[in-house]
Protein chains: 2
Amino acid sequence: MTTAGGDSSLLRRLNTTAVLRTLYGGGPFTLSELVRATAVTRATVENALAALVRQGWAAEVPPAADGRRPVGRPPRRYRFRAESGCVVGLDIGAHKVLAVVADLGGEVRAVRQTAVARDVLPEDRLAAAWKLGHRARRAAGFEADQVRAVGVGATGVVNAAGTVLVSELLPGWAGTELPVELGKSFGAPVAAGNDTNVALLAEHWRGVAAGARDVLFLHAGHEISAGLLIGGRVHQGRHGAAGEIGMLPAAGWSDTARAMSEGWGEDIGALFEAARSRDAKAVESLRRFCEGLTHGAAAMVLAVDPELVVLGGGLSRAGDLLADPLRRGLREACLFPVPVAVSELGVEAVALGAVRLALDEVERELFEMAGVT
Amino acid sequence: MTTAGGDSSLLRRLNTTAVLRTLYGGGPFTLSELVRATAVTRATVENALAALVRQGWAAEVPPAADGRRPVGRPPRRYRFRAESGCVVGLDIGAHKVLAVVADLGGEVRAVRQTAVARDVLPEDRLAAAWKLGHRARRAAGFEADQVRAVGVGATGVVNAAGTVLVSELLPGWAGTELPVELGKSFGAPVAAGNDTNVALLAEHWRGVAAGARDVLFLHAGHEISAGLLIGGRVHQGRHGAAGEIGMLPAAGWSDTARAMSEGWGEDIGALFEAARSRDAKAVESLRRFCEGLTHGAAAMVLAVDPELVVLGGGLSRAGDLLADPLRRGLREACLFPVPVAVSELGVEAVALGAVRLALDEVERELFEMAGVT
């Protein structure tokens, strides 16, 4: 970077960013380790560390109290201060809002949930979301100005700019510009996506899809929807509408989910319990649901030939009661057997994926030096 | 690359490769331009050029005869010798084999086609393919030892290693290891893929999908199949089976294509002509065909939300007769309108994609220095 040579302030920022990036990626590190990792001089690393400690991004780690008495003074070690800020992950659904607050290292510090009526106005749904976000943030012990970024997983088709383009569930929700609306309430950058895609992000980050490259994610709840991971990245499609195969009449996902909801309403747990004790009505409900689910899933498995299918959403709590018939159905309909894993992230999956979205935003900011002066 | 410094022969090869890569990417270039592009010394570029000219990879370009008389001697210019070798692209179908031979710059030099009965043994189909490949190679004016790589687009599900895993059309075809079988006959590396995916490669290289990132490709011929371009790369899936949505009973693609074939046999041209002159049977055939095509296509458009749908294969010759009802059907079934383009590559699409596959192989070899000594 020859331009940097002529501008010592830019060069200093580049070096400080290099040190910060190294600390963020692991550690704690000694000064010598940082010199090796960043390939700049010892004096430069020392200056960068001083600046980062002063700004609250880094801290010295006290020597390990392991009982052994080292010969001479042990080398100082430094770490990234994950507690210097937080991100807020919001799951904005048709019936509830859920907020997860994590520190900058991704450790979850607080979870809060609240019910929202399906028919409230978009502005009231948004207000419920930002109020809950701040409630979770306070519970996690962070100040308002420590929120570095907000991630959102929202119901509906959400495009790359974070605008809701279509919502079948919520009239009036389409047109909502999530980053604009929520950015005002948090004073931080907001990244948003469709809830299913965001939950898939969580599965790939910390769930059963960790390490996988091509994944079909089925989100089964009040509605069924799908998400695709291709080459290790969530594939959103041109309008953010990838995975909306529930639209296809032959897949029958809308009918399937509706029938299920009408029969058992909110009390899906009761359905599963009844099915496990072989209640005829419950078994039949579940059978029809699985049939529809499998049909749409088969279309997508044939379309993308994934290495893994992940079953998530509220209904995934049924576990093998749902996964087993899905496995059988896919084996019959598809060319190759595909493993089906059940999500273990529970009700927080979408909000956790939103945390990941927010952390991506933080990393982009940090490493583009917007946060370092 | 600190290891290179200690090994002058390796270093020389690295530099020669850098010069070769630059020449391959454009040009002709002067010595000074090559020095600038490769960032090595003038003497090093001169040595590399001498070696490349000696080995037949590069040639000096005669000064432009543009009538102007430059002051002093014009600088020498060098170019990659695309004519120093060739690649063979093979389309191995159920009813025919088609071979395209191109030079190393991708310029098509010869095309040959031959009919193959559907019920011949796999070894006879392969023999027909390599014989035709050599026939086209001779017609293009290349010697057998000038074949640098072979690309194959074959009917059936073909995995990343080039082995046919499944073939519904051709009994006995599954299990064929295309690179092994054809490598013997050409004495060159062979890369193979499913014919639909390979045709999509051609559309992205030189067809209506050039520059696009997310594309659904519909290959409509004796069978209907589909291919996906995601993020500018052909998405093959775990077993190379992505796009096999024709398997789905509800999509009805097998029935659709079969009915079409039974009614009109090989003479699809006659069907289109009849439909254009409003022959009732032809119009009805086409209507039913479009309905099935649209259904499967809608499932895939909903699944991946592509920016473009490309209609290829033999039936794409029908043009808007097929594309218009497909456009209407997709508009009704999908969330967002998606443009539908008709392939312009004609009957050579698969073999042209196979040429691209082979060129990728050549580039890999060249730039990993296997070809430079």
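Because the structure is predicted, anything quoted here is derived from the model rather than measured. (Residues numbered from 1 in each chain as written. Chains lettered and ligands numbered in written order. Predicted model: local features only at pLDDT ≥ 70, side-chain atom pairs only at ≥ 80, totals over all residues. Heavy atoms only, no water.)

Q: What should I look at first to understand the overall build of chain A in this one?
A: Per the secondary structure count, chain A includes twelve helices and 15 strands. Across chain A, the fraction of contacts at a sequence separation of at least 24, relative to all contacts at a separation of at least 6, is 64%. Accessible surface for chain A amounts to roughly 16600 Å². Of this, 49% is attributable to carbon and sulfur atoms. (Helix = DSSP H or I, 4+ residues; strand = E, 2+ residues; numbered from the N terminus. Contact = heavy atoms within 4.5 Å. Areas by Shrake-Rupley, 256 points an atom, 1.4 Å probe, with all protein chains shown as cover.)

Q: Is there a simple way to explain the relation of the copies chain B and chain A in this structure?
A: A rotation about an axis combined with a shift along that same axis relates the two copies of the chain. In the superposition of chain B on chain A (RMSD 0.1 Å, axial shift 0.0 Å), the rotation amounts to 180°. Interpreted geometrically, this transformation is the action of a two-fold axis. When you check the interface residues of chain B against chain A, 100% turn up at the interface there too, and the contact is symmetric in its surfaces. (Least-squares fit on C-alpha atoms with pLDDT ≥ 70 in both.)

Q: Mind showing me how you'd approach the packing of aromatic side chains here?
A: In this description, a pair of aromatic rings is defined by centroid distance and the angle of the planes. Taken as a whole and judged by the stated rule, the model has four aromatic pairs over all chains. The interplanar angle of 75° and the centroid separation of 4.9 Å between the aromatic rings of Y24(B) and F80(B) together place this pair among those described as edge-to-face. Taken together, the positions of Y24(B) in helix 2 (residues 8-25) and F80(B) in strand 3 (residues 77-80) put the pair 56 residues apart, joining distant regions of the chain. Note on F80(B): relative accessible area 9%, which makes it buried. When the centroid spacing of 6.2 Å and the interplanar angle of 20° are considered together, the rings of W57(B) and F80(B) count as stacked. Of this pair, W57(B) sits in the loop between helix 4 (42-55) and strand 2 (58-61) while F80(B) sits in strand 3, and the two are 23 residues apart along the sequence. Each member of the pair W57(B) and F80(B) is classed as buried. An aromatic cluster of three or more residues is present, and its members are Y24(A), W57(A) and F80(A). A cation over an aromatic ring shows up here: R125(A) above the ring of W173(A), its NZ or CZ 5.9 Å from the ring centre. (Phe/Tyr/Trp six-rings, centres within 6.5 Å; stacked < 30°, edge-to-face > 60°. Buried < 20%, exposed > 50% of the residue type's maximum accessible area, 1.4 Å probe, protein only. Lys NZ or Arg CZ within 6 Å of the ring centre and 35° of its normal.)

Q: How do you make sense of the pattern of salt bridges when you look at a structure like this?
A: Once the charged atoms of two side chains with opposite charge are near each other, the side chains can pair. Residues and elements named next belong to chain A. Counted according to the given criterion, the structure contains 28 salt bridges over all chains. The residue K184 makes a salt bridge to E181 at a minimum N-O spacing of 3.7 Å. Taken together, the residues span about one helical turn, with K184 and E181 both in helix 6 (residues 178-186) at a distance of three residues. Overall, K184 belongs to the exposed group, its relative accessible area being 63%. (Salt bridge = Lys/Arg side-chain N within 4 Å of Asp/Glu carboxyl O.)

Q: Could you clarify how one ought to interpret the sheet that holds strand 13 (residues 233-235) of chain B in this entry?
A: Either a parallel or an antiparallel arrangement is found when strands of a sheet pair, and the pairing is made through backbone hydrogen bonds. All names here are of chain B. Here five strands make up an open sheet; going across it, the order is 13-12-11-14-15 and the pairing mixed. Each edge of the sheet is formed by a strand with only one pairing partner; in this case those strands are strand 13 and strand 15 (340-342). Taking each pair of neighbouring strands and ignoring which way they run, the sheet shows an average axis angle of 30°. Of the strands in this sheet, strand 11 (215-220), strand 14 (308-312) and strand 15 touch helix 11 (residues 320-333), which is tilted by about 165° from strand 15. (Pairing = 2+ DSSP bridges. Axes fitted to C-alpha atoms, helices over the stretch in contact; angles between N-to-C directions.)

Q: I would appreciate a short explanation of unusual backbone geometry in the present structure.
A: Glycine aside, negative phi is the norm for most residues, and most peptide bonds take the trans geometry. Here D305(A), not a glycine, exhibits a phi torsion of approximately 50°, which is positive. When you line up the elements, D305(A) lands in the loop between helix 10 (280-304) and strand 14 (308-312).

Q: In this structure, what is going on with the environment of A99(A)? I would like to understand it.
A: Within the element layout of this structure, A99(A) appears in strand 5 (residues 96-103). Separated by 251 residues in the primary sequence, A99(A) and V350(A) have C-alpha atoms spaced 9.4 Å apart.

Q: Can you walk me through the nonpolar core in this structure?
A: Buried together is how nonpolar side chains tend to be arranged in soluble globular proteins. In this structure, L216(A), L218(A), L322(A), L330(A), L218(B), L322(B) and L330(B) are the most contacted members of the largest nonpolar core, which totals 78 residues. Sequence-distant contacts of L322(B), that is, excluding residues within four places in its chain, are made with L286(B), F289(B), C290(B), L293(B), L311(B) and L315(B). Grouped together as the second largest cluster of nonpolar side chains are 32 residues, L90(A), I92(A), L132(A) and F142(A) included. (Core = buried A, V, L, I, M, F, W, Y, C linked by side-chain atoms within 4.5 Å.)

Q: In this structure, what is going on with the side chain of D103(B)? I would like to understand it.
A: Residues and elements named next belong to chain B. As for its position among the elements, D103 is in strand 5 (residues 96-103). Of note is the side chain of D103, whose polar atom sits 2.8 Å from the backbone nitrogen of G105. Ignoring any residue separated from it by four or fewer positions in sequence, one finds D103 in contact with A82, E83, G85, C86, R109, F142 and L359. (Polar contact = N/O pair within 3.5 Å; in protein donor to acceptor, adjacent residues only side chain to side chain.)

Q: What am I meant to see in the confidence of the model for chain A here?
A: Caution is warranted with low-pLDDT regions, since their predicted coordinates should not be read in detail. All names here are of chain A. Averaged over all residues, the pLDDT of chain A equals 88, while 89% of them reach at least 70. Mean pLDDT across the elements of chain A ranges from a minimum in helix 1 (residues 2-5), with 38, to a maximum in strand 4 (residues 86-92), with 98. Counting interchain partners and residues more than four positions distant, the pLDDT-below-50 stretch residues 1-6 has four contacts. (pLDDT = per-residue confidence, 0-100.)

Q: Looking at this model, I keep getting lost on the interface of chain B and chain A. Mind explaining?
A: Interface size, as often reported, equals the accessible area lost upon joining of the parts. Counting from both sides, the interface comprises 35 residues of chain B and, opposite them, 35 residues of chain A. When the two sides are added together, the surface that chain B and chain A hide from each other amounts to roughly 2800 Å², 73% of it contributed by carbon and sulfur. Between chain B and chain A we count zero salt bridges in total. Going through the elements one at a time, strand 9 (164-166), strand 12 (224-230) and helix 10 (280-304) of chain B are the ones with two or more residues in the side of chain B that touches chain A. (Buried area = accessible area lost by both parts, 1.4 Å probe.)

Q: I tried to follow helix 7 (residues 195-206) of chain A on my own but got confused; where do I start?
A: All names here are of chain A. Look at helix 7: 16 Å from first C-alpha to last across twelve residues, which is about the 16 Å you get at 1.5 Å a residue. Those residues of helix 7 not exposed but buried are D195, T196, N197, V198, A199, L200, L201, A202 and E203. Structurally, the start of helix 7 carries an N-cap: the backbone nitrogen of T196 is 3.0 Å from a side-chain oxygen of N194. (Expected span 1.5 Å × (residues − 1).)

Q: How do you make sense of the sheet that holds strand 1 (residues 29-30) of chain B when you look at a structure like this?
A: All names here are of chain B. Read across the open sheet, the three strands follow the order 1-3-2; overall the sheet is antiparallel. Both outer strands of the open sheet, strand 1 and strand 2, are each paired with one neighbouring strand and no more. One ladder, built from four bridges, connects strand 2 with strand 3; its direction is antiparallel. Residue pairing for strand 3: A58 is matched across the bridge by F80. Most of the contacts of helix 2 go to strand 3, to which it runs at about 85°, and overall it touches strand 1, strand 2 and strand 3.

Q: I keep staring at the pairing of strand 4 (residues 86-92) of chain B and nothing clicks. Help me out?
A: All names here are of chain B. When you tally the buried positions in strand 4, you get seven out of seven residues, the bulk of the element. Burial along strand 4 is two-sided: the face carrying C86, V88, L90 and I92 and the face carrying V87, G89 and D91 are both buried. Here seven bridges tie strand 4 to strand 5, and the two strands are oriented antiparallel to one another. Pairing of G89 across the sheet is with V100, part of strand 5. As paired elements, strand 4 and strand 7 (residues 147-154) share seven bridges and run parallel to each other.

Q: I would appreciate a short explanation of the packing of helix 5 (residues 122-139) of chain B against helix 6 (residues 178-186) of chain B in the present structure.
A: Pairs of packed helices are described in terms of their axes, by the angle between the two and the distance that separates them. Residue and element names in this part refer to chain B. Running from N to C, helix 5 and helix 6 point in directions that differ by 40°, and their axes come no closer than 10 Å. What the angle tells us is that helix 5 and helix 6 run oblique. In this structure, helix 5 meets helix 6 at a crossing whose hand is right-handed. When helix 5 is examined against helix 6, the residues L126, W130, G133 and H134 are found in contact with a partner set consisting of L178, E181, L182, S185 and F186. (Parallel < 35°, antiparallel > 145°, perpendicular 65-115°, else oblique. Left-handed = near helix turned anticlockwise from the far one by under 90°.)

Q: Looking at this model, I keep getting lost on the packing of helix 2 of chain B against helix 3 (residues 31-38) of chain B. Mind explaining?
A: Residues and elements named next belong to chain B. Their axes nearest at 10 Å, the elements helix 2 and helix 3 cross at an angle of 110°. Considering the angle they form, helix 2 stands roughly perpendicular to helix 3. Crossing angle aside, the handedness with which helix 2 passes helix 3 is right-handed. Side by side, helix 2 and helix 3 meet where A18, V19, T22 and L23 of the first sit next to L34, A37 and T38 of the second. Residue classes in the contact of helix 2 with helix 3 are distributed as five nonpolar, two polar and no charged. (Nonpolar A, V, L, I, M, F, W, Y, C, P; charged D, E, K, R; others polar.)

Q: Any chance you could explain empty space enclosed by the protein here in plain terms?
A: One simple way to see leftover space: roll a probe sized like a water molecule over the atoms. Counted according to the given criterion, the structure contains five cavities of 30 Å³ or more. Volume-wise, the largest cavity comes out at about 100 Å³. Around the largest cavity, the lining residues are R238(A), H239(A), A241(A), V301(B), L302(B), D305(B), P306(B), C334(B), L335(B), F336(B), P337(B) and V338(B). Of the pockets and cavities examined, the second largest cavity occupies roughly 70 Å³. Looking at the second largest cavity, the residues that line it are V301(A), L302(A), D305(A), C334(A), L335(A), F336(A), P337(A), V338(A), H239(B), A241(B) and E244(B). (1 Å grid on protein atoms, 1.4 Å probe; cavity = no way out; pocket = protein on both sides within 12 Å on 5 of 7 lines; lining within 4 Å. Points joined across faces, edges and corners; volume = space filled by probe spheres on them.)

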